[in-house]
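Observations on the three-dimensional arrangement
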Amino acid sequence: MGYVDEVLAKVKEKNASEPEFLQAVEEVLDSLRPVIDANEELYRKNAILERITEPDRQIMFRVPWVDDKGQVQVNRGYRVQFNNAIGPYKGGLRLHPSVNLGIIKFLGFEQIFKNSLTTLPIGGGKGGSDFDPKGKSDREIMAFCQSFMTELSKYIGADVDVPAGDIGTGAREIGFMFGQYKRIRGSFEGVLTGKGLTYGGSLARTQATGYGLLYLTNALLKDHDIDIAGKTCAVSGSGNVAIYAIEKAHHLGAKVVTCSDSTGWIYDPEGIDVELLKEVKEVKRARLTEYAAARPSAEYHAKQNGEHGVWQYKVDLALPCATQNELDLEDAKMLVANGVTSVTEGANMPTTLEATKYLQANGVLFVGGKAANAGGVATSALEMSQNSERLSWTFEEVDGKLKGIMETIYANISDAAKRYGVEGDYVAGANIAGFEKVANAMIAQGVC
Ligand code: NDP
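The text that follows walks through the structure, step by step, so that each part is easy to find. Model, not experiment: these values are computed from the prediction. (Residues numbered from 1 in each chain as written. Predicted model: local features only at pLDDT ≥ 70, side-chain atom pairs only at ≥ 80, totals over all residues. Heavy atoms only, no water.)

Helix and strand counts for the protein chain come out as 18 helices and 12 strands. Relative to the 2.2 N^0.38 estimate, which gives 22 Å for 448 residues, the radius of gyration of the protein chain is 21 Å and therefore close to what a compact globule would have. Each of the three principal axes of the protein chain carries a C-alpha extent, and together these read 60 × 60 × 45 Å. Burial statistics for the protein chain: of 448 residues in total, 57% are counted as buried. Pairs at least 24 apart in sequence give 72% of the contacts found in the protein chain among residues at least 6 apart. When the accessible surface of the protein chain is totalled, it reaches about 17700 Å², and 49% of it is carbon and sulfur. Computed over 48 positive and 58 negative side-chain charges, the inter-centroid distance for the protein chain is 5 Å. (Helix = DSSP H or I, 4+ residues; strand = E, 2+ residues; numbered from the N terminus. Rg over C-alpha atoms; globule rule 2.2 N^0.38 Å. Buried < 20%, exposed > 50% of the residue type's maximum accessible area, 1.4 Å probe, protein only. Contact = heavy atoms within 4.5 Å. Areas by Shrake-Rupley, 256 points an atom, 1.4 Å probe, with all protein chains shown as cover. Lys, Arg positive; Asp, Glu negative; His and termini not counted. Charge placed at Lys NZ, Arg CZ, Asp CG, Glu CD.)

Now the structure itself:
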């Protein structure tokens, strides 16, 4: 058995109850075969694959808080510090009822490679809780965030581990957590990113993941002599990533005709009105039915199992920006039948493994989230730089750096794929480019 298969078998045995984590490890190690095969002795001797698939540590803790009725509630908190070979652990905090250790480990594992790809000095980590922020009052959210940070503060720091937002953790939650960290530790430091602009946040962080996705998509299309202007796009989700992906797609002259949330989707052949979408989602925090009610050109469809949702329409570019495993093999077949040119992932692992393989086998340009949505974490690292300098850069400065980083990421993943004989396989290219840097750093730092 080759080295990759040996390690995959061990990882499966040790983590049998964590399907998302196993899926991520399998996808990454599978695509690293060319680079592992070319350097097997070195990586095997240093147990690089065994070490990179085992977190440095995983912390689980109780989060007790009091709801508005005076009832004590208990959630479970997580922080998985996966790998700090190239910099402090960095990765978001997800607040969603579906959160469990396997999901946090999958996200933390992916984060190692994504962070490496940004060209910036950040390691991989992820955290969160099974707390559901939906329907909670501001006071309940604050009570949860303060309790969560009371425990988490023991394990993080500006040079140790710098968490950020993710699903369910936006500016409000980061603010409450930052306040509690400051109170407990007595230290005003860049310990979280995604902070408000008045206390150390970076301009353009809100836009970064969505904008970055489009900068990379544009670089990919340009490399294939395709002009993004005039293209039609399907976007899923209507959260932070989706909204700013839609906005930048429109800036670049493309037209986005769909968006979705967990209860349904919108088809708007005139193009999504992004200002209206922001009003519905960012200000009113309402459902998409409100968007449809205010926009005569839009159709609203309630989500039904087995339907293709936003992937059923004839579009040139597909941009999944909602959640994991939201684009499956049947959806991929539908997209291919409708002549899609590219699928670039704004969310983390939204495309199932079978769907990814099908898209690639059918000549669709496919870039996974690890590279395509790295703009968010890259800008978080730029926020860390600004905090360290105690300076704030302008929107244009940050946005310009983001654009440069996304173009470099595309160039690096394309080059890595070519170097290992898998030209055009940007999933392999991203994993290889991200992995090489981390593996070299691990070897240089000895057994640790
Ligand atoms: P948000 O919470 O802002 O938005 C998530 C969106 O996805 C919402 O529209 C939500 O709908 C929808 N959604 C959630 N679950 C489902 C589901 N099961 N079916 C359909 N729609 C669903 O999160 P973000 O936009 O920040 O994150 C989206 C994805 O991007 C995640 O995978 C995240 O990990 C990834 N990501 C985010 C980054 C960032 O900077 N924000 C950086 C890199 C990756 P509803 O409102 O109904 O729940």
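Turning to the layout of surface pockets, a few remarks are in order. Counted as a void, the second largest pocket has a volume near 340 Å³. In this structure, the second largest pocket is lined by 18 residues; those nearest its centre are Glu189, Gly190, Met384, Asn387 and Ser388. By residue class, the composition of the lining of the second largest pocket is seven nonpolar, seven polar and four charged. (1 Å grid on protein atoms, 1.4 Å probe; cavity = no way out; pocket = protein on both sides within 12 Å on 5 of 7 lines; lining within 4 Å. Points joined across faces, edges and corners; volume = space filled by probe spheres on them. Nonpolar A, V, L, I, M, F, W, Y, C, P; charged D, E, K, R; others polar.)

Taken as a whole and assessed by the stated rule, the structure comprises 29 salt bridges. Here glutamate 247 makes a salt bridge to lysine 278, at a shortest N to O gap of 2.5 Å. Highlighted residues: glutamate 247 in helix H10 (residues 240-251) and lysine 278 in helix H11 (residues 274-283), separated in sequence by 31 residues. Linking glutamate 290 and lysine 284 is a salt bridge whose minimum nitrogen-to-oxygen distance equals 3.6 Å. Judged by relative accessible area, glutamate 290 falls into the partly exposed class, the value being 37%. (Salt bridge = Lys/Arg side-chain N within 4 Å of Asp/Glu carboxyl O.)

Time to look at the environment of proline 163. Inspection of the secondary structure assignment puts proline 163 in strand E5 (residues 161-164). Sequence spacing of proline 163 and aspartate 130 is 33 residues, and the spatial spacing of their C-alpha atoms is 17 Å. Dropping the residues within four chain positions of it, proline 163 is found in contact with Arg79, Lys90, Gly91, Leu93, Leu152, Ile156, Val191, Leu192 and Thr193.

With that out of the way, let us pick up the sheet that holds strand E8 (residues 264-267). What the seven strands build is an open sheet, ordered E9-E8-E7-E6-E10-E11-E12; its pairing is mixed. Each edge of the open sheet is held by one strand with a lone partner, namely strand E9 (299-302) and strand E12 (365-367). Shown here is a sheet whose adjacent strand axes are inclined to one another by a mean of 15 degrees, direction ignored. Here E8 runs beside E9; their pairing, made up of four bridges, is antiparallel. For tyrosine 267, the partnering residue across the bridge sits in E9 and is glutamate 299. The strands touched by H10 are strand E6 (232-236) and strand E7 (255-261); relative to E7, the strand with the most contacts, the crossing angle is about 175 degrees. (Pairing = 2+ DSSP bridges. Axes fitted to C-alpha atoms, helices over the stretch in contact; angles between N-to-C directions.)

Turning our eyes to something else, we now look at the sheet that holds strand E3 (residues 89-95). Spatial ordering of the open sheet is given by E1-E2-E4-E3-E5, a layout of five strands whose pairing is mixed. Bordering the open sheet on either side are strand E1 (57-66) and E5, each of which pairs with just one other strand. Adjacent strand axes in the sheet meet at a mean angle of 20 degrees, parallel and antiparallel pairs treated alike. For strand E2 (residues 72-83) and strand E4 (residues 123-129), the ladder comprises six bridges, and the chain directions are antiparallel. Bridging from a neighbouring strand, glycine 77 pairs with serine 129 of E4.

So, about the nonpolar core. Residues Leu29, Ile36, Phe109, Tyr291, Ile413 and Phe435 are the most contacted members of the largest nonpolar core, which totals 103 residues. In contact with leucine 29, other than residues within four places in its own chain, are Val4, Val7, Leu8, Leu49 and Thr53. Judged by nonpolar contacts, the second largest core, of 21 residues, contains Phe61, Phe131, Phe148 and Ile174. (Core = buried A, V, L, I, M, F, W, Y, C linked by side-chain atoms within 4.5 Å.)

Next up on the list: helix H8 (residues 171-185). Side chains three or four residues apart in an α-helix point the same way, a direct result of the helix having 3.6 residues per turn. Taking 1.5 Å as the rise per residue, H8 with 15 residues should run 21 Å; its terminal C-alpha atoms sit 21 Å apart, in good agreement. Of all the residues in H8, the buried ones are Glu173, Ile174, Met177, Phe178, Gln180 and Tyr181. Axial view of H8: buried residues confined to an arc of 165 degrees, hence all on one face. Turned more than 90 degrees away from the buried face of H8 sit Ala171 and Arg183, all of them exposed. The elements touched by buried residues of H8 are E3, helix H7 (138-152) and E5. Two residues or fewer after H8 comes glycine 186, characterised by a positive phi angle close to 65 degrees. (Expected span 1.5 Å × (residues − 1). Arc of directions from axis to C-beta.)

The subject of this paragraph is the site of the ligand. Close contacts around the ligand come from 24 residues, with Arg94, Asp166, Thr209, Ser262 and Arg287 the closest. In the model, an oxygen atom of the ligand is placed 2.5 Å from a nitrogen or oxygen of the serine 262 side chain. Relative to its unbound accessible surface of 890 Å², the ligand loses 82% to contact with the protein. Taken together, the elements giving at least two residues each to the shell around the ligand come down to helix H9 (205-223), H10 and E7. Each residue belonging to the shell around the ligand can be placed in one class, and the counts come to five nonpolar, 12 polar and seven charged. (Near = heavy atom within 4 Å. Polar contact = N/O pair within 3.5 Å; in protein donor to acceptor, adjacent residues only side chain to side chain.)

Evaluated as defined, the whole model comprises 15 aromatic pairs. Where tyrosine 211 meets tyrosine 215, the ring centres are 6.4 Å apart and the plane angle is 80 degrees; that geometry is what we call edge-to-face. Taken together, the positions of tyrosine 211 and tyrosine 215, both in helix H9 and four residues apart, correspond to about one turn of that helix. Judged by its relative accessible area of 6%, tyrosine 215 is buried. Aromatic pair tyrosine 267 and tyrosine 313: ring centres 4.1 Å apart, planes at 5 degrees, arrangement stacked. (Phe/Tyr/Trp six-rings, centres within 6.5 Å; stacked < 30°, edge-to-face > 60°.)

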